[in-house]
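# Structural characterization, general
Spelled out from the first residue to the last, the chains are:
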Amino acid sequence: MTSKQVGTNLGDGSGASGTTPEEGYERGLGSRQVQMIAIGGAIGVGLFLGAGANIAKAGPSLILMYALAGVIVFFIMRALGELLLYRPVSGSFSEYAREFLGPFFGFVTGWTYWLMWVVTGMAELTAAAIYVHFWFPDIPQWVTALVFLILLYVANLISVKLFGEIEFWFSMVKVTALIGMIVIGLGVVTLGFSQAGDTAAVSNIWAHDGIFPNGIGSSLMTLQGVMFAYLAVELVGVTAGESENPEKTLPKAINTLPWRIIVFYVGALSVILMVVKWTEFQPGVSPFVAAFAKIGIPAGAAIINFVVLTAALSSCNSGMYSTGRMLRDLAANSEAPKILGKLSSSKTPALGITLSVVLMGIGVVLNYVVPEKAFAYVTSVATAAGIWTWLMILVSHIRYRREVVAGRLPASSFPAPGGTVCSWIAVAFLLLVTGLIAIDPESRVSLYVGAGWAVCLAVGWAILKSRNPHIAARAKAQDKQLETAGRPRG
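Computed from a predicted structure; not experimentally measured.

## Quick look at the overall build of the protein
Per the secondary structure count, the protein includes 21 helices and 0 strands. By the burial criterion, 58% of the 490 residues in the protein qualify as buried. Counted over contacts in the protein with a minimum sequence separation of 6, partners at least 24 positions apart contribute 82%. Accessible surface for the protein amounts to roughly 17,900 Å². Of this, 69% is attributable to carbon and sulfur atoms.

Quick look at the structure:
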């Protein structure tokens with residue numbers, strides 16, 4: 001057996017049935033859809049809603065925090081890109097963890113990524129309900145959240161093509177609107193039109209107690225919220241098994257990430273903070289809605305509110321898509337009930353999507369019980385789960401490069417610049433963010449939830465091994481294959 005065959009077969013998701021995780025999927029996502037999913041994945045509710053609270057904490061320095069985190073996210077995505085072109089597969093994160101770190105880490109990563117999207121879906125439903133409240137303050141948040149949950153669920157059951165088309169247009173709305181906001185904001189600053197023209201100025205970024213008005217410490221404490229804003233950029237990895245031409249579309253999607261960060265995060269926030277003083281923003285209010293209300297454009301705030309509503313629904317839509325695929329990957333590896341591995345007549349993992357949507361319904365309950373705290377709770381949990389996923393991508397990349405250097409695995413056609421150096425830097429940064437979460441009383445709840453989740457996974461894995469001894473046997477078989485190929489299992 002050649003090293004290439006070993007690399008392809010190990011961790012290929014072969015479960016008891018012998019099927020691979022991507023088998024049976026329809027490669028129905030075209031290039032334009034994958035590109036727009038990648039672009040839209042970098043524009044979510046974390047920017048549109050969460051930035052308001054972070055501006056209040058950090059002031060203009062939030063721009064620097066987004067830029068710093070954006071560099072790290074690019075390192076993560078290039079590491080993922082190298083792995084994807086080595087072996088493009090649906091459910092990629094857990095597959096790579098399973099191959100390079102062992103079955104247990106594949107099990108933990110798959111279920112944790114699933115959890116991340118379930119709670120992210122809760123956050124997006126909460127945000128969507130808040131945005132609708134802008135127009136209809138008498139409608140309870142939980143009612144709106146429930147309606148959106150049902151509509152997106154039905155759309156995800158129909159076909160992957162419909163998912164891709166919905167996501168394409170959701171992302172198109174977000175991208176077009178953000179570019180329009182930047183252009184209008186620059187017009188206000190340079191030409192002085194609108195009600196904000198008299199006070200809008202580039203100097204607003206530093207004129208009110210400096211760039212770090214509350215100190216560097218307060219700025220660093222916003223990093224967990226900033227990292228939540230970047231969750232979903234890795235979604236292109238989940239689409240690998242359903243992309244028409246992953247060898248071409250995935251590198252292009254990943255390489256466009258830097259300019260997306262510069263334009264949509266750094267650029268948009270810079271313009272907003274030029275138009276409106278940072279001291280005027282409040283937690284729980286979208287800074288974009290507040291800025292257009294300040295500018296005084298007729299119906300401007302309502303239009304932006306529609307855009308940010310679209311962003312929330314887009315992310316929730318992506319969450320339903322990815323959770324179903326991740327559960328099917330786990331089922332294919334006998335790490336979840338086999339029934340979750342079945343595809344519907346439309347080639348969608350309908351049962352996995354259904355289970356995920358039922359649990360996303362907890363977000364509806366939170367909106368009923370604690371509507372004022374629902375968003376903060378779920379975003380902190382989602383960020384912790386996302387950090388684990390990113391760490392597994394980075395560590396898998398480091399292990400993969402070690403095998404390539406040793407000549408035991410073929411090199412990817414899309415190598416990450418700097419080899420593993422950038423991956424190590426990103427690992428250190430994510431550990432720093434985890435430490436910041438631990439010392440923040442508001443976000444620390446995510447670590448408590450994480451500890452409980454770890455216990456559940458440990459118990460689940462022990463039960464799984466006792467009931468399915470072939471999982472351990474498969475790991476031993478992989479060890480033997482590796483030894484035959486001259487590759488010691490790490």
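## A word on the nonpolar core
The nonpolar side chains of soluble globular proteins are, as a tendency, buried together. The biggest cluster of nonpolar side chains holds 142 residues, and the ones touching the most others in it are F48, Y66, W111, L178, Y230, F288 and L430. The leading source of residues in this core is helix α7 (residues 103-135), at 18 residues.

## Here we look at the environment of A201
Within the secondary structure, A201 sits in the loop between α9 (160-191) and α10 (215-220). Those residues in contact with A201 that sit more than four places away from it in its chain are V189 and M274.

## Overview of the pattern of salt bridges
As enumerated under the stated definition, the model contains 7 salt bridges in all. Shared partners join several salt bridges into a network, and the residues in it are R87, E95, R98, E99, D329 and E335.

## Digging into the packing of aromatic side chains
Across all of its chains, the model carries 13 aromatic pairs by this definition. Centroid distance F107 to W461: 5.2 Å. Interplanar angle 45°. Geometry classified as tilted. Here W461 lies in helix α20 (residues 445-467) and F107 lies in helix α7, a separation of 354 residues in the sequence. With respect to class, F107 is no different from W461; both count as buried. Here the aromatic residues F104, F105, F107 and W461 are joined through ring pairs into a cluster of three or more. Looking at R78, its charged tip hangs above the ring of F414, at a distance of 4.0 Å from the centre.

## A short note on the environment of G81
Tracing the sequence through the fold places G81 in helix α5 (residues 62-86). Ignoring sequence-local partners within four residues, the contact set of G81 consists of I254, S412 and F414.

## Comments concerning helix α11 (residues 223-230)
Buried residues dominate α11, accounting for 8 of its 8 residues. Within α11 the residues assigned to the buried category are L223, Q224, G225, V226, M227, F228, A229 and Y230. Positive backbone phi, at 100°, marks A232, one or two positions downstream of α11.

## Description of the confidence of the model for the protein
This prediction gives the protein a mean pLDDT of 80; 82% of its residues lie at or above 70. Mean pLDDT across the elements of the protein bottoms out in helix α1 (residues 3-9) (38) and peaks in helix α19 (residues 421-439) (94). Below pLDDT 50 for its whole length, residues 1-21 participates in 57 contacts with residues either more than four positions away or in separate chains. Between residues 485-490, whose pLDDT stays under 50, and residues either more than four places distant or in other chains, the model counts 20 contacts.

## Considering the packing of α11 against α19
As a packed pair, α11 and α19 sit with axes 9 Å apart at the nearest point and diverge in direction by 125°. Accordingly, the angle class assigned to the pair α11 and α19 is oblique. Taken together, the residues of α19 that come into contact with α11 (itself represented by L223, Q224 and M227) are F429, L430, V433, L436 and I437. Counted by class, the contact of α11 with α19 contains 7 nonpolar, 1 polar and no charged residues.

## Overview of helix α15 (residues 287-295)
Listed in full, the buried residues belonging to α15 are P287, F288, V289, A291, F292 and I295. Within two residues after α15, G296 carries a phi angle of roughly 85°, on the positive side.

## So, unusual backbone geometry
Outside of glycine, negative phi angles account for most residues, and trans bonds account for most peptide bonds. At D209, a residue that is not glycine, the phi angle is positive and equals roughly 70°. Along the chain, D209 falls in the loop between α9 and α10. With a phi close to 60°, S334 is a non-glycine residue in the positive phi region.

## Points about the packing of α5 against helix α14 (residues 257-275)
For the pair α5 and α14, the least separation of the axes is 10 Å and the interaxial angle reads 170°. Relative to α14, α5 is oriented roughly antiparallel. Two secondary-structure elements touch here, α5 through L62, I63, Y66, A67, G70, V73, F74 and M77 and α14 through L257, P258, I261, Y265, V266, L269, S270 and L273. Across the contact of α5 with α14, the residue classes break down as 14 nonpolar, 2 polar and no charged.

## Some details on the environment of I55
When you line up the elements, I55 lands in helix α4 (residues 50-58). For the pair I55 and P283, spaced 228 residues apart in sequence, the C-alpha separation works out to 8.2 Å. For I55, the residues in contact, after removing those within four places along its chain, are L62, L269, L273, W278, F281 and P287.

## Side note on a nonpolar patch on the surface
On the surface, L64, V202, W206, I211, F212 and I216 cluster together into a nonpolar patch covering about 540 Å² of accessible area. Position of W206 relative to the elements: it lies in the loop between α9 and α10.

Definitions and cut-offs
Residues numbered from 1 in each chain as written. Predicted model: local features only at pLDDT ≥ 70, side-chain atom pairs only at ≥ 80, totals over all residues. Heavy atoms only, no water. Helix = DSSP H or I, 4+ residues; strand = E, 2+ residues; numbered from the N terminus. Buried < 20%, exposed > 50% of the residue type's maximum accessible area, 1.4 Å probe, protein only. Contact = heavy atoms within 4.5 Å. Areas by Shrake-Rupley, 256 points an atom, 1.4 Å probe, with all protein chains shown as cover. Core = buried A, V, L, I, M, F, W, Y, C linked by side-chain atoms within 4.5 Å. Salt bridge = Lys/Arg side-chain N within 4 Å of Asp/Glu carboxyl O. Phe/Tyr/Trp six-rings, centres within 6.5 Å; stacked < 30°, edge-to-face > 60°. Lys NZ or Arg CZ within 6 Å of the ring centre and 35° of its normal. pLDDT = per-residue confidence, 0-100. Axes fitted to C-alpha atoms, helices over the stretch in contact; angles between N-to-C directions. Parallel < 35°, antiparallel > 145°, perpendicular 65-115°, else oblique. Nonpolar A, V, L, I, M, F, W, Y, C, P; charged D, E, K, R; others polar. Patch = residues over 30% accessible without salt bridge, like charges linked within 9 Å, V, L, I, M, F, W, Y side chains within 5 Å.

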